[in-house]
Structure formats: structure tokens, C-alpha cells
Amino acid sequence: MYIVQIASELAPIAKVGGLADVVYGLSRELELRGNAVEIILPKYDRLWYDQIFGLAPTYNDLWVPWCDGAIRCTVWFGLVHGRKCYFIEPHSPEAFFERGTFYGQWDDPARFIFFSKAALEYLYRSGKRPDIIHVHDWQTAALPVLLYEMYQQAGMPNQRVCHTIHNFRHQGITDGYMLYATGLGHPERYFTHERLRDNFNHFALNLMKGGIVYSNFVTTVSPTHAWEARFTDQSFGFGETLHIHQSKFGGVLNGLDYEAWNPALDPMIAAPFDAVDIDRREANTKALRERCNLTDSDKPILAYVGRLDSQKGVHLIRHALFYAMNHDAQFVLLGSSPEPETNDHFRHIAGWLSPNRDIYIEVGFNEQLAHLIYAGAHGLVVPSIYEPCGLTQMMAMRYGAVPIVRRVGGLADTVFDWDYDSRPRDQRCGFVFDHPDFDGIESALQRFFGLYTNSPKLFRTLQRQAMGRDMSWRLPGQHYLDIYEHIRHR
Ligand code: ADP
Ligand code: GLC
């Protein structure tokens, strides 16, 4: 099959969160299975250019119709760890992708609608006719609308679209300008409940809704979250839309790229190890302590890695930090937020606790430190309020750090409680709690510290079991191929 992934992130060159890991890992898995896979991305000024091999222009004068004229683009080609990537560079005064950042700009909807249109225009002009176009989140959700309303008649009758929703909270709410800018026009057609009109603001268009309505198949990133999206408030107002489109909606659990995330071969950690020689993991714990200026001791290290977004249960992360401090443990926090106040808050805590050499807080994004934390910490907290899938708990498990998670979304599908799960004991791999409050998280932390301190042998068994789980793209890759096959023939 010929598959094109179109997305706003790709690990490691353009990464904000898990979306980047998923686009990379899924693409590699699909290729390993003999499919032709290409990836189209914006040519951001802040791509990690060192990691792109052989970057060169491949299509020079791509004129993308926009507003009353057209914007000239250059399309670049390069390899990212073997993946074939095309980068769209528009030449216009708006400088859509030269903002020093990926998201958070006032004109984000226009930036990514333009990208979606340019990606389609490129496929169309260059004669590429993939069997499947796979788009991700609101940033590329306009693409299926444009495909079916404009490009299909123009000469792309056989292309089919799979739309994966990684986060329902960000939907791409915009106004009628997009209809004018893209040439779709016809506000009376698109400002309707069955097409793009937002379910709550009748003067707004909702790009993610367009993606749901127009795609041939829609997925989210775990089976539990697919259920939550339909039957709880976790799809932020899409319950009815998903009900209408239920026959083409489902959950596919994310995988981990086992090459990028392999403790036996990872160049970013201090000492390679695997589940058999797990004792060698200790060297990473020591290196983590040194890197974070923690006292050298045999206290357990609890950690958090991730965005400091309200989705992640920031108050519970902070509570876990103080709980560790008060229970003779160490804590390492690596994270950042797009909101300066949240970053300032954690910097303030860091400054205030700085004499305490059992706590380390780093506000920022640091891929290498993230790897060392998974390899060196004993536990990782993920107390999310909602979590479509979550990758950090899987990375932690793969590297022998025990996850302590809230039973929600993909966390519920990947972490099975050591004490209370109904699965056989040898499949249990972490600690799980239900209520997103202090008592809830303490009920799990207490059991985590108890096992670490009182039953080191069992703790090691738990680490081994976590490491032994198959979290690779093998099964989810097949699941996506089944979906592609299913829609291809419609
Ligand atoms: P989300 O996509 O909601 O942010 P995931 O758990 O799916 O959450 O994925 C987060 C990804 O981003 C993981 O690869 C994690 O290691 C990485 N990550 C998040 N924050 C940081 C950070 N501050 N520094 C390094 N890596 C980070
Ligand atoms: C989103 C979700 C996260 C998921 C990731 C990759 O950012 O918040 O739960 O793991 O996308 O699908």
C-alpha cells in the first residue's frame, strides 16, 4: 500500500509531545511491513536540522491557491532516521512556519489550514496518488474536507483518509475566513450542523469536526479513550458527532518505537541493560543522581516527565513531589508548559527547595534527560485527569521504571495494578488509582514505596514484568493496516 502521513510533528525533529513519537513509530512499522510510506510536514524554522539527512529542494514552484491569489512554496525532501519526509516551505509575508515555535500563534488555524491545503496541492501537482492519506489532530483535519470538496473532482478520486485524534481538547476553532482563504466558499454549506459548524458556537467552524465528518475512518489512541470520547465529557462536546459517525470510529492503542526506545542500545543513557541483566540499570540511577545533583543514597527515585498541562493533573504531580519529600524518597521532575505562570510556579518551587538535594526540578524540554529518567528512576507518576493514550508510562515500563497512574484512557489499557488487577499476577506491571485527588494518588504511592522498601525481590519482579510487556507497534501497526484495507475499497 502507498501511505502518506501528514502531520504537524515528527520525532525527533519536531516534537512537542506524543504525536511526534506516534507519527515516527507508526511510519517505521508500516514501512517494515512492506508499505511505501511518506511523511509531509511544515518546514518549521526550528526543525532539528542536524537529524535530517540529504535535505534538498524537490519541487520548486508549488503555487498554492490562497485567498485571492496563490502562495509560492518550495517542497524539500530529506530522510529522518530513514523515513522519507517532505517539508513544505511557503514564501509569503506571513512566514507561517518561521515563528521560532510550533504552536501558540494567534493565526494557528490559518497556518495549519494552509499547510493542509499545500500538502494536498503538492500531492495533486506532483502526481502522487497514495492509497491512504493519514492525518492527525485538528492541525491537518481540514485536509479531508478539501480532498472531498475540491481535489476529488479535480483528479484524486481514489484517495482515502484516516484521521487520528490524539487530543480532543484542541479542535481548531476558526471563522469563515478559512472558506474564503481555501476557496471552499459557500458558507451556507459549511456552517451547518452536519458539516463544520461548531456544536456550541454557531458562528464558528470546527476543523476537527470537519475531520470527523469527512474522513473515511476516525481513530483515537486507545480503546478506553474511544469509549470515553463517546460516552463521557472527555471529547469536549463531540459525543453526539461521534455517535452519528460511530460506524467509522474506533480506538487503536499507540505503540512504542522499539528502536528509538531500547534500553539495550540507547546512546542517551549511561549504561545499556535489559530485563535479564537488570542490575546494570543501577549505573543509570547513579548517573541520574549525578546529572540532577541529588544526594547519593539508596532512596527510591520517583519522577515525572511530560507537559505541565491541566490534562496531566498538575496538582497531583506537585502532591507526589511533596509526598516523596516527606517519605524519605527523591523526586525528579522534567516538564514544561506553554503557560508561563505554570513554569514560573515550578521554578519557584525549585528555588524554594534548592537546599534540598533530594528534589530536582527542570523546567524545559530535554530529550536526553527524559531517556535517563526512564532508565534511572524507580517510579514514574502519571496522574492524568484525562489521557487519550499516554506514552511516558510505556517508556518508563520499557526502561524498568514502575508506572503509578490514574485509571483513565490509555493508562487504563496499559498499566495493570500489582495488587488488585483481575489479570494473572505475571501480567501486572504498575500501580493504579481511581480518584484524581490526594487520597487517590497516595493510595498508590504508599503501595509503591511499601513494595520498594519492604520487598525488594518482588519489586524487581515487578520491574521485570513491566519491561517484558509487548508495547511495540507490532499489533497496532497491523490494526491500522486493517483499517486502511477496510477503507481502501470503499
Ligand atoms: P502528550 O502527548 O500528551 O504530551 P505522551 O505521554 O503521549 O503525552 O507523550 C509525551 C512525549 O513527550 C514522550 O515522548 C515524553 O518523553 C516527551 N516529553 C514530554 N515532555 C518532555 C520534556 N519536558 N522533555 C523531554 N521529553 C518530554
Ligand atoms: C496526545 C495525548 C496523549 C497521547 C499522544 C499520542 O498528545 O495527550 O495521551 O499519547 O497524543 O497519541
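These numbers were taken from a predicted model, which means no experiment stands behind them.

Caption draft 1: Representation of the overall build of the protein chain within the structure. Per the secondary structure count, the protein chain includes 17 helices and 17 strands. Computed over C-alpha atoms, the radius of gyration of the protein chain comes to 23 Å, within 12% of the 23 Å expected from 2.2 N^0.38 for 490 residues, which places it in the range of a compact globule. Its C-alpha atoms give the protein chain principal-axis dimensions of about 70 × 45 × 45 Å. The buried share of the protein chain, taken over its 490 residues, is 60%. Intrachain contacts of the protein chain at a sequence separation of at least 6 include 72% that bridge at least 24 residues.

Caption draft 2: Structural view of the site of ligand 2. Close contacts around ligand 2 come from 14 residues, with His 166, Asn 254, Gln 311, Glu 387 and Gly 390 the closest. The contact in question runs from an oxygen atom of ligand 2 to an N or O atom on the side chain of Asn 254, over 2.8 Å. The protein chains hide 94% of the 310 Å² of surface that ligand 2 would expose on its own. Looking at which element gives the most residues to the shell around ligand 2, the answer is helix H1 (residues 18-32), with 3 residues. Looking at the shell around ligand 2 residue by residue, the classes come out as 6 nonpolar, 6 polar and 2 charged.

Caption draft 3: Representation of helix H3 (residues 142-155) in the model. Over its 14 residues, H3 runs 18 Å from end to end, which matches the ideal 20 Å to within 8%, given 1.5 Å per residue. Its axis deflected by about 45 degrees at Tyr 148, H3 carries its strongest bend there. For H3, the complete set of buried residues consists of Ala 142, Leu 143, Pro 144, Val 145, Leu 146, Leu 147, Tyr 148, Glu 149 and Tyr 151.

Caption draft 4: Region of the structure containing the site of ligand 1. As a structural note, the neighbourhood of ligand 1 is formed by 21 residues, with Gly 18, Arg 307, Gly 364, Tyr 374 and Leu 391 the closest of them. A distance of 2.8 Å separates an oxygen atom of ligand 1 from a polar side-chain atom of Lys 15. Interatomic distance of 3.3 Å between a backbone N/O atom of Thr 392 and an oxygen atom of ligand 1. Surface burial for ligand 1 is 93%, taken as the share of its 560 Å² of free accessible area covered by protein chains. Listing elements by their share of the shell around ligand 1, those giving two or more residues are H1, strand E12 (301-307), strand E13 (330-336), helix H12 (367-376) and helix H13 (392-398). Within the shell around ligand 1, the residues separate by chemical class into 6 nonpolar, 9 polar and 6 charged.

Caption draft 5: Up close: the sheet that holds strand E6 (residues 132-136). Taken in spatial order, the 9 strands make up an open sheet running E3-E4-E5-E2-E1-E6-E7-E10-E11, and their pairing is mixed. Each end of this open sheet is capped by a strand with a single partner; those strands are strand E3 (52-66) and strand E11 (249-251). The mean angle between the axes of side-by-side strands here comes to 25 degrees, regardless of whether they run parallel or antiparallel. In the sheet, strand E1 (residues 2-6) pairs with E6 via 4 bridges, with the strands oriented parallel. Note on E6: the bridge partner recorded for Ile 3 is Ile 132.

Caption draft 6: Region of interest: the pairing of strand E5 (residues 83-91). The element E5 is largely enclosed, with a buried count of 7 among its 9 residues. Judged from the 5 bridges that link them, strand E2 (residues 36-42) and E5 form a sheet pairing that is parallel. Its bridge partner being in E5, Ile 39 is matched across the sheet by Cys 85. As paired elements, strand E4 (residues 69-80) and E5 share 9 bridges and run antiparallel to each other.

Caption draft 7: Representation of the side chain of Gln 393. Here Gln 393 shows up in helix H13. Within the structure, Gln 393 has its side chain in polar contact with the backbone oxygen of Gly 390 (distance 2.8 Å). Among the polar contacts made by the side chain of Gln 393, one reaches the side chain of Thr 414 at a distance of 3.0 Å. When near neighbours in sequence (up to four residues on either side) are disregarded, Gln 393 contacts Leu 380, Val 382, Pro 403, Val 405, Gly 410, Leu 411, Thr 414 and Val 415.

Caption draft 8: Focus on the pattern of salt bridges. Using the criterion set out here, one finds 29 salt bridges in the structure. Between Glu 31 and Arg 83 there is a salt bridge; the shortest N-O distance is 3.1 Å. Taken as a pair, Glu 31 in helix H1 and Arg 83 in strand E5 lie far apart in primary sequence, 52 residues in all. Overall, the relative accessible area of 8% leaves Arg 83 in the buried class. Ionic pairing is found between Arg 72 and Asp 61, a salt bridge with its closest N-O pair at 3.3 Å. With a gap of 11 residues between them, Arg 72 in strand E4 and Asp 61 in strand E3 connect regions that are remote in the sequence. Several salt bridges share partner residues, and in doing so they unite Lys 15, Asp 21 and Glu 367 into one network.

Caption draft 9: View of the domain arrangement of the protein chain. The domains assigned to the protein chain are domain 1 (2-255 + 474-488) and domain 2 (278-468). The C-alpha centroid of domain 2 is placed 33 Å from the C-alpha centroid of domain 1. Tallying the contact residues gives 19 residues for domain 1 and 20 residues for domain 2. Overall, the association of domain 1 and domain 2 removes approximately 1500 Å² of surface from exposure, summing both partners, and the carbon and sulfur fraction of that is 57%. Linking domain 1 with domain 2 are 2 salt bridges, by the criterion used here. Note that Arg 169 is salt-bridged to Asp 309, the shortest N-O span being 3.1 Å. At the junction of domain 1 and domain 2, the tally comes to 9 residue pairs in polar contact (both at pLDDT 80 or more). Those elements that place two or more of their residues in the side of domain 1 that touches domain 2 are H1 and helix H7 (223-231). When residues of the side of domain 1 that touches domain 2 are assigned to their parent elements, the largest contribution, 4 residues, is made by H7. Partitioned by chemical class, the residues of the side of domain 1 that touches domain 2 number 6 nonpolar, 9 polar and 4 charged.

Caption draft 10: Geometry of the sheet that holds strand E16 (residues 402-406). Spatial strand order, E14-E13-E12-E15-E16-E17: 6 strands in an open sheet with parallel pairing. Either end of the sheet is taken by a strand with one partner, and the two such strands are strand E14 (359-363) and strand E17 (431-433). Between one strand axis and the next, the sheet turns by 15 degrees as a mean value, whatever way the strands run.

Caption draft 11: Examining helix H9 (residues 282-291) more closely. Taken together, the buried positions of H9 are Asn 284, Thr 285, Ala 287, Leu 288 and Arg 289. Looking at the buried positions of H9, the neighbouring elements they touch are E12, E13 and H12. Following H9 by one or two positions, Asn 293 has its phi on the positive side, about 55 degrees.

Cut-offs applied
- Residue positions are given per chain, counted from 1 along the sequence in the order it is written.
- Working convention: letters from A go to chains and numbers from 1 go to ligands, in the order in which they are written.
- Given that the model is predicted, a residue must reach a pLDDT of at least 70 before its local features are reported, and side-chain atom pairs must reach 80 or more before they are shown or counted; all residues, however, enter totals for whole chains, interfaces and linings.
- As a rule here, side-chain values come from all non-hydrogen atoms in the structure, and water together with hydrogens is ignored.
- Where helices and strands are cited, they refer to DSSP runs of H or I of at least four residues and of E of at least two residues respectively, numbered from the N terminus.
- All radius of gyration figures rest on C-alpha atoms, and the globule criterion is 2.2 Å times the number of residues raised to 0.38.
- Partly exposed describes any residue whose relative accessible area lies between the buried limit of under 20% and the exposed limit of over 50%, with all areas from a 1.4 Å probe on protein chains only and scaled to the type maximum.
- In this description, contact between two residues means that some pair of their heavy atoms is separated by no more than 4.5 Å.
- Residues are labelled near a given molecule or strand when at least one of their non-hydrogen atoms is within 4 Å of it.
- Polar contact is the term for a pair of N or O atoms within 3.5 Å; when the atoms are in protein, one must be able to donate a hydrogen and the other to accept it, and sequence-neighboring residues count only if both atoms are side-chain atoms.
- Surface accessibility follows the Shrake-Rupley procedure with a 1.4 Å probe radius. Residue values consider only the protein chains on display as shielding.
- Note on residue classes: Ala, Val, Leu, Ile, Met, Phe, Trp, Tyr, Cys and Pro are nonpolar, Asp, Glu, Lys and Arg are charged, and everything else, Gly too, is polar.
- In a helix, the anticipated span is given by 1.5 Å times the number of residues less one.
- Fitting axes to the seven residues ending at a residue and to the seven starting there, one defines the bend at that residue as the angle between these axes.
- Paired strands, in this sense, are two strands between which DSSP finds at least two bridges.
- Note on method: axes are straight lines fitted to C-alpha atoms, helices fitted across the in-contact stretch only, with angles between N-to-C directions ranging 0 to 180 degrees.
- We define a salt bridge as a contact between a side-chain nitrogen of Lys or Arg and a carboxyl oxygen of Asp or Glu at a distance within 4 Å.
- All domain edges in this entry derive from an automatic or database-based domain assignment.
- Two parts lose some accessible area (1.4 Å probe) when they are put together, and adding that loss for both gives the buried area.

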